[in-house]
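Residues per chain are reported as follows:
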Amino acid sequence: MVFQQCNLGSCDEQMMTFWTMRIIIDACHTFSNISCCDSFDESLIQTQEDMYYYTLATLCTAYPTEGGTVNDKT
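Moving on, we come to the environment of Y63. Mapped onto the elements, Y63 comes out in the segment after α3 (48-62). It is 7.8 Å that separates the C-alpha atoms of Y63 and S32, two residues lying 31 residues apart in sequence. The contact partners of Y63, leaving out residues within four places of it in the chain, are C28 and F31.

Structure, rendered in structure tokens:
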């Protein structure tokens with residue numbers, strides 16, 4: 001639905017991935033109580049790779065595994 005509303009299906013890959021990561025980050029901040037990432041200065045993000053790793057860190061902070069332990073059963 002978001003992809004259709006924002007016309008992300010027809011834009012270039014970098015634009016699509018940027019907005020996908022931005023949506024994930026904002027959703028994590030909205031739906032969970034994460035305060036440690038609030039102190040991070042997002043202006044430090046300079047590359048697509050920086051944004052990717054920040055998105056992963058935000059996801060891991062927002063949705064830890066049960067009991068707060070890392071699931072090594074992959």
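Time to look at the packing of aromatic side chains. A full pass over the atoms with the stated rule returns two aromatic pairs. Between the aromatic rings of Y52 and Y53, the centroid separation amounts to 5.1 Å while the plane-to-plane angle is 75°, which identifies the pairing as edge-to-face. Under the relative-accessibility criterion, Y52 is labelled partly exposed at 43%.

Within the largest apolar cluster, five residues are counted, these being M21, I25, I45, M51 and Y54. For this core, the secondary-structure elements that each account for two or more residues are α2 (13-31) and α3. Discounting residues that sit within four places of it in the chain, I25 has contacts with E42, M51, Y54, T55 and T58.

To continue, consider α3. Compared with the 21 Å implied by 1.5 Å per residue over 15 residues, the 21 Å span of α3 between its first and last C-alpha is a close match. Of all the positions in α3, only M51, Y54, T55, T58 and A62 are classed as buried. Take α3 and look down its axis: the buried residues cluster within an arc of 105°, on one side only. Exposed side of α3, more than 90 degrees from the buried face: E49 and C60 are the residues found there. On its buried face, α3 sits against α2.

The rules behind each value
Residues numbered from 1 in each chain as written. Predicted model: local features only at pLDDT ≥ 70, side-chain atom pairs only at ≥ 80, totals over all residues. Heavy atoms only, no water. Helix = DSSP H or I, 4+ residues; strand = E, 2+ residues; numbered from the N terminus. Contact = heavy atoms within 4.5 Å. Phe/Tyr/Trp six-rings, centres within 6.5 Å; stacked < 30°, edge-to-face > 60°. Buried < 20%, exposed > 50% of the residue type's maximum accessible area, 1.4 Å probe, protein only. Core = buried A, V, L, I, M, F, W, Y, C linked by side-chain atoms within 4.5 Å. Expected span 1.5 Å × (residues − 1). Arc of directions from axis to C-beta.

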